[in-house]
Amino acid sequence: MKNNWFTRMLWLISGVLMIAAGIFCFIYPIGTLWYLAFMIGVVMLLSGILDIVMYARMGYLFPGSGWILADGILTIILALFVLGNQYITAVNLPFVFGIWVIFSGITRLMNSTEIRRAGAQGWGWMIAHGILDILFGMFCFIKPAVGSIAIGILVGISFLLQGVFSLFQWWFQIWRKK
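Here the structure is a predicted model, which is why all the values come from computation and not from measurement.

1. Re the packing of helix H2 (residues 32–58) against helix H3 (residues 65–84)
Orientation of H2 relative to H3, taken along the N-to-C sense of each, is 155°, at an axis distance of 7 Å. Accordingly, the angle class assigned to the pair H2 and H3 is roughly antiparallel. Viewed along their axes, H2 and H3 form a crossing whose handedness is left-handed. Looking at the contact of H2 with H3, its residues break down into 18 nonpolar, 7 polar and 2 charged.

Following this line, the structure appears as structure tokens:
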């Protein structure tokens, strides 16, 4: 019973802190970049590793998997750049993010053509997603300040959603006890 109380308190504290972090990101989206430089580097590194592992384990199962490998390798290279110098990364984050999003969009376009050739459905959505990625990446180059704000706001949304999820978990634990 004491363990349940501890778990509930962790969910509550986690939810409140995540929501506070989300609000901070909304209030100071550009200031958030300094804190994000390291976090984004780690996430990009994990994403690249995951892409390569996914390719190694299941690449033979679907067409166009070579593009997943390419995306993973480029993501790891960019992640190492980001982690190597966080000051430069924070200043140039909209450009680094833009490069990543553009390349991911190109790989989605290429992958969608492979999927279309294989006769699978849903390739149109991948094309649309790829085009939107490329446009957003280009926008980060044209208006880096807007790209910086967008990155801060996206992180804020993520924190808010995670915080709300944690509060739901807390509430579920309280409700389940009754």
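2. Topic: the pattern of salt bridges
Taken as a whole and assessed by the stated rule, the structure comprises 2 salt bridges. Taking the shortest distance from any N to any O, the salt bridge between arginine 108 and aspartate 133 comes out at 2.9 Å. One end of the pair, arginine 108, is in helix H4 (residues 86–117); the other, aspartate 133, is in helix H5 (residues 123–142), with 25 residues separating them in the sequence. Judged by relative accessible area, which is 28%, arginine 108 ranks as partly exposed. Its salt-bridge partner being glutamate 114, residue arginine 117 comes within 3.3 Å of it at the nearest N-O pair. Residue arginine 117 and its partner glutamate 114 are located together in helix H4, separated by 3 residues, close to a single helical turn. Judged by relative accessible area, glutamate 114 falls into the partly exposed class, the value being 26%.

3. Details of the side chain of serine 166
In this structure, serine 166 sits in helix H6 (residues 144–177). In contact with serine 166, other than residues within four places in its own chain, are Trp11, Ser14 and Gly15.

4. Side note on the packing of aromatic side chains
One pass over the full model with this rule turns up 2 aromatic pairs. Here the aromatic rings of phenylalanine 24 and tyrosine 28 are separated by 5.2 Å at their centres, their planes lie at 50°, and the arrangement is tilted. Geometrically, the ring pair formed by phenylalanine 95 and phenylalanine 141 is tilted, given 5.6 Å between the ring centres and 45° between the ring planes. A residue pair is termed long-range when its members are at least 10 positions apart, and phenylalanine 95 in helix H4 and phenylalanine 141 in helix H5 qualify at 46 residues.

5. Considering H3
With 20 residues, H3 ought to run about 28 Å at 1.5 Å a step, and its terminal C-alpha atoms sit 29 Å apart, in line with that. What H3 keeps buried is the set Ser65, Ile68, Asp71, Gly72, Thr75, Ile76, Leu78, Ala79 and Val82. Where H3 is buried, its residues meet H2 and H4.

6. Digging into the nonpolar core
The biggest cluster of nonpolar side chains holds 16 residues, and the ones touching the most others in it are Leu36, Ile40, Met44, Leu93, Phe97 and Ile151. Mapped onto this core, the elements with two or more residues apiece are H2, H3, H4 and H6. No other element matches the 5 residues that H4 contributes to this core. Contacts of leucine 36, omitting those with residues within four sequence positions, involve Leu93, Ile151 and Val155.

7. Looking at H2
Compared with an ideal rise of 1.5 Å per residue, which puts 27 residues at 39 Å, H2 spans 37 Å between its outermost C-alpha atoms and is within 8% of the ideal. The principal kink in H2, of about 35°, is found at phenylalanine 38. The set of residues buried in H2 consists of Thr32, Leu33, Leu36, Ala37, Ile40, Gly41, Met44, Gly48 and Asp51.

8. As for the packing of H3 against H4
It is the contact of H3 with H4, at a shortest axis distance of 10 Å, that shows an interaxial angle of 180°. Between H3 and H4, the angle falls in the class roughly antiparallel. Contact residues: H3 offers Trp67, Ala70, Asp71, Leu74, Thr75, Leu78, Phe81, Val82, Leu83 and Gly84, while H4 offers Gln86, Ile88, Thr89, Val96, Ile99, Trp100, Phe103, Ser104, Thr107, Met110 and Asn111.

Calculation criteria
Residues numbered from 1 in each chain as written. Predicted model: local features only at pLDDT ≥ 70, side-chain atom pairs only at ≥ 80, totals over all residues. Heavy atoms only, no water. Axes fitted to C-alpha atoms, helices over the stretch in contact; angles between N-to-C directions. Helix = DSSP H or I, 4+ residues; strand = E, 2+ residues; numbered from the N terminus. Parallel < 35°, antiparallel > 145°, perpendicular 65-115°, else oblique. Left-handed = near helix turned anticlockwise from the far one by under 90°. Nonpolar A, V, L, I, M, F, W, Y, C, P; charged D, E, K, R; others polar. Salt bridge = Lys/Arg side-chain N within 4 Å of Asp/Glu carboxyl O. Buried < 20%, exposed > 50% of the residue type's maximum accessible area, 1.4 Å probe, protein only. Contact = heavy atoms within 4.5 Å. Phe/Tyr/Trp six-rings, centres within 6.5 Å; stacked < 30°, edge-to-face > 60°. Expected span 1.5 Å × (residues − 1). Core = buried A, V, L, I, M, F, W, Y, C linked by side-chain atoms within 4.5 Å. Bend = angle between axes of the 7 residues up to and from the residue.

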